[in-house]
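# Overview (structure and organization)
Spelled out, the chains give:
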Amino acid sequence: MFSPEHFIWIAICAVMIGALLFCSLHFKWSKKTCIYIMSGIALASETVKIFTHIQNNGYIEKGALPFHLCSIFIFVFFFLCFSKNEKLNEKLISFFVPIGLFGGFLAIMMATSGVNFAKPFAYQCFIYHAGIMWLALYFICTKQVKLGLKDYIRNLVILFALAIIMIWVNGMLTCQVTVDGVVEEFEPNFFYVVRAPASGLPFLNTNHGWYVYFAHLSCAGILLETLVSLPYIILEKKNSKKAK
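Let us look at the structure shown here. (Residues numbered from 1 in each chain as written. Predicted model: local features only at pLDDT ≥ 70, side-chain atom pairs only at ≥ 80, totals over all residues. Heavy atoms only, no water.)

### Some points on the packing of helix α4 (residues 86-110) against helix α6 (residues 149-173)
At a closest axis distance of 10 Å, the pairing of α4 and α6 adopts a crossing angle of 70 degrees. Judged by the angle between their axes, α4 and α6 are roughly perpendicular. Of α6, the residues touching α4 (which contributes K91, S94, F95 and I99) are D151, R154, N155, I158, L159 and L162. Residues that form the contact of α4 with α6 fall into these classes: five nonpolar, two polar and three charged. (Axes fitted to C-alpha atoms, helices over the stretch in contact; angles between N-to-C directions. Helix = DSSP H or I, 4+ residues; strand = E, 2+ residues; numbered from the N terminus. Parallel < 35°, antiparallel > 145°, perpendicular 65-115°, else oblique. Contact = heavy atoms within 4.5 Å. Nonpolar A, V, L, I, M, F, W, Y, C, P; charged D, E, K, R; others polar.)

This is the structure in structure tokens:
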């Protein structure tokens, strides 16, 4: 984190986000156009991840499976490309925007896939998360996201439910692997519910045990969701009072 290479990646992501946001707002790209572009970015990202994590026996490494929160949105983007159910699309977008905004930002800041320019998965990680930050900002700037109180509560319930499910998934995928002739225990960390996404973090760490870590992780998720949703909830309340 925060090596010279990391700062270069942050600058690249900032330029990419700024350029895409300017073009999408200035040229008034439609919602479908932006989703198509993001689906293309997601497809390229996932293709790179798959082919850089396939082992010699043809099996993909379990840690590369699309079970991280940001990876799950790949399926959401493709669904939005073809879905005509506007109510469901609206709910999916309201769930995506807070996570895409802060999740993408934190992934870029933490450099969870490394910063080595010689490694393809570094490109995959930074470009994909820059893309989801752009799309989240696009929905916010064009006022195409609904984040009222009901949406806020629903998003938190879904997020917590997914975190619980991923505890099971991580447990089921835990296994022994052989690396350079040495047998090691492989423990996936989807949703980062097992351990922190990076070492040395002041709040998200397992220094006081897993239960405290999970409580901190849950609080962080609630806080970030609240920061994005609160302005919309306040506006919703004001409009409700005016209507009465």
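### Some details on the pattern of salt bridges
Tallied over the full model, the rule gives three salt bridges. Between K49 and E46 there is a salt bridge, with the nearest N and O atoms lying 3.5 Å from each other. In this pair, K49 and E46 both sit in helix α2 (residues 31-51), three residues apart, roughly one turn of the helix. Under the relative-accessibility criterion, K49 is labelled buried at 8%. The class of E46 is buried, set by a relative accessible area of 12%. Here D151 makes a salt bridge to R154, at a shortest N to O gap of 2.8 Å. Within this pair, D151 and its partner R154 are both found in helix α6, separated by three residues, close to a single helical turn. You can call D151 buried: its relative accessible area is 6%. (Salt bridge = Lys/Arg side-chain N within 4 Å of Asp/Glu carboxyl O. Buried < 20%, exposed > 50% of the residue type's maximum accessible area, 1.4 Å probe, protein only.)

### Let's talk about the layout of surface pockets
Of the pockets and cavities examined, the second largest pocket occupies roughly 150 Å³. Lining the second largest pocket are K143, V145, K146, L147, G148, Y232, L235 and E236. A per-class count over the lining of the second largest pocket returns four nonpolar, one polar and three charged. (1 Å grid on protein atoms, 1.4 Å probe; cavity = no way out; pocket = protein on both sides within 12 Å on 5 of 7 lines; lining within 4 Å. Points joined across faces, edges and corners; volume = space filled by probe spheres on them.)

### Observations concerning the nonpolar core
Formed by 60 residues in total, the largest nonpolar core has its most connected members in F73, F77, F96, Y128, W134, L135 and F139. Of all the elements in the fold, those that place two or more residues in this core are α1 (4-26), α2, α3 (69-82), α4, α5 (120-141), α6 and α7 (210-243). A per-element tally of this core places α5 first, with 11 residues. (Core = buried A, V, L, I, M, F, W, Y, C linked by side-chain atoms within 4.5 Å.)

### Observations concerning unusual backbone geometry
Positive phi is not limited to glycine here, since K28 has a value of about 50 degrees. Position of K28 relative to the elements: it lies in the loop between α1 and α2. Of note in the backbone geometry, Y192 takes a positive phi value of approximately 55 degrees without being a glycine. Within the secondary structure layout, Y192 lies in the loop between β2 (182-186) and α7.

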